[in-house]
Amino acid sequence: MALFQGKKFLFLPNCRSSTLSFLSQLIRSNDGTVICDVEELDKQMITLINKSFIDKDQKLTNKELFLKEFEMDPDIVWSFILHERPACVEANCISEWLKIGKITLPPEFNVLIDEEDTTTGFHVINEHAGQSNKEASDRESSMESQSDTDIGSETSHKDSHESPFVQAASREESLDNPISETVANADLVDEENVSKNETLIKAFGRLARRYEIKGDQYRSKGYKLAKIGIERYPHEILSGEQARRDIASVGPGIAKKIQIILDTGSLPGLDESFDLEKKLNYFTQCHDVGIYSAKRWNLLGLQSFADVLKKFPEVFIRDWPILFGWSYYEDWLMKMCRDECDEILNVVRTTLKRVDPACSAELQGSYVRGAQECGDLDILFHKKGCDNTTELGRIMEKLALALYDQGYVECFLQLSPKIRQVFGSRIRERVRKCKLKIPSQEEYPPAVADLKKYFLGFKLKSEFKPRYLETSADKLIKLETDDRFMSLSSSSHPCRRVDFFCCKYSELGAARIQWTGPKEFNRWIRIKAVQKGMKLTQHGLYRGENILLESFDDKRIFELLGEEYVGPEDRNRMIKKRQKQS
DNA sequence: GCCG
DNA sequence: CAGTACG
DNA sequence: CGGCCGATACTG
């Protein structure tokens, strides 16, 4: 008890995120002080850094945003830290200390800032400094809050009563969901407990997939949400009833199945059509191949894209983007580290400056949610005062073409007339590559002139060496031998998916909500809107038929929906149902 | 499948 | 229109 | 029981 008595703590950049406000409550419950005013700054204090700003080398990242997010005057606070060098650790250490019952700072505990550079960042130390990256990241996710006996759970329950956002683990698993992400500030998870839920997670992932294939999208969704709920649940599940009580989206049906799995170790019939799922999965992992095509092909006994090519050559002429999905099949399943995202954004912004210096490019998607590995890059374009989407569309087109000229853009997945003009030859090259006859007079329908989105294949120059996290490096889905001949993938110089979106300046807030995601969060908040007689889209929040309530200010949209604002990094923690009280 |  | 894609 | 995201956006 009173572990933190007499100790002062400073949260940086602030303690507004749900995780950090939770931790600050833990500090106060243990007689510690949380500094809220520059007057209280103290050289003896322990500085707690939001983990979203610490990369896996334990360095500060995204310093610009970091400083911008300060609750107190950033100048004063930052110069104090540079000058006094208080101990700095990642915020999650709090839960670790409470678990082990003491505060452990590494011997060289105030080595924090590489003073010669305040721009590229400084080292943040924690107990695991010096361990290998793998070990460090394993331990990161294993940091635990309280076991459910003490202050921790009280506060957490009180919280969750008022908020649909649960202070729980964010731990997206990559087995069944290729779009999963590991989030920087994943914390408060007991790896040991959670790993025992793995069987359940896998089972419901499979069931979700099975029903998706069957065409029962809603039953599939039921399983998917339950799976997400279990992934985020920070304790070991001991009974179906416990899960039904505590976890959103676990109802009678899933509770029953949980109990069966706990009792017998597996679910009858679970492995039945596993082979079919694998086959369909192989096809649908290709861009532009959905569940209908995959099912159709599978039904006809086709095993590979080469088989499809023999049977339905027209498909690859008509749905030409599949050719690129096929060619970059393996590359596009590989995730990239944040530094590669930064580099791509850098290239895009540099070119954009020449195209239209007044236009802004802003990263969205899993990157802004703090994911350490991103499956693709989502870039939102907007321009102060510009509500003309035709103009924005033209800017994006010009930008994409300029990047194509420079050799960054490898392929386009949509065509404007101009893009078809320059890119058509590459399409024909792919068509020839799979030994198809090029239609002599291709009578294309009139391509749309001002597209609002561009999906691109993008390659950095080969000097850039991509890094991969250990976790994703293994068990990749690879192209079948028969299909390899079309591959353009290269793990040492991979092609990436980059998506361009644009929005009217007046719709910036609504667009940010849309493109920040994640998908489940969007669906959840849109349902909220409908329940309150409103409608939320990427264009804005509306009441009734067509009354615009708000589209520019995302915080105001939350407010109008009666929801507390939640930052991007916490939108992974979304959960549909309040945690039930016991 | 779950939820209201 | 259906199919696929985006968060 | 009926609804389950989007006045999505793009393609053929």
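What counts and what doesn't
- Residues numbered from 1 in each chain as written.
- Chains lettered and ligands numbered in written order.
- Predicted model: local features only at pLDDT ≥ 70, side-chain atom pairs only at ≥ 80, totals over all residues.
- Heavy atoms only, no water.
- pLDDT = per-residue confidence, 0-100.
- Contact = heavy atoms within 4.5 Å.
- Pairing = 2+ DSSP bridges.
- Helix = DSSP H or I, 4+ residues; strand = E, 2+ residues; numbered from the N terminus.
- UniProt positions renumbered as here; feature names shortened; annotations may be inferred.
- Buried < 20%, exposed > 50% of the residue type's maximum accessible area, 1.4 Å probe, protein only.

### Description of the confidence of the model for chain A
This prediction gives chain A a mean pLDDT of 81; 76% of its residues lie at or above 70. Low confidence marks residues 115-121, where pLDDT is under 50. Its contacts with residues over four positions away, or in another chain, come to 7 contacts. In this model, residues 125-180 is a region of pLDDT below 50 whose contacts with residues beyond four sequence positions or in other chains number 133 contacts.

### Concerning the sheet that holds strand β4 (residues 87-90)
The strand order across the open sheet built from 4 strands is β2-β1-β3-β4, with neighbouring strands paired in parallel fashion. Because the sheet does not close on itself, it has two edges, and the strands there are β2 (33-34) and β4. Here strand β1 (residues 8-12) pairs with strand β3 (residues 46-49) via 4 bridges, running parallel. Paired with L10 across the bridge in β3 is T47.

### Quick notes on the UniProt feature "active site" (unreviewed entry) in chain A
Those residues carrying the UniProt feature "active site" (unreviewed entry) are K257 in this numbering. Note on placement: K257 falls in helix α11 (residues 252-264). Here K257 falls in the partly exposed class, since its relative accessible area comes to 26%. Residues contacting K257, with those up to four places away along its chain left out, are F204, L207, Y223 and L267.

### A short note on the pairing of β4
Where burial is concerned, the two faces of β4 agree: the one with A87 and V89 and the one with C88 and E90 are both buried. Two elements, β3 and β4, share 4 bridges in a ladder whose sense is parallel. In the strand pairing of β4, L48 is matched with V89.

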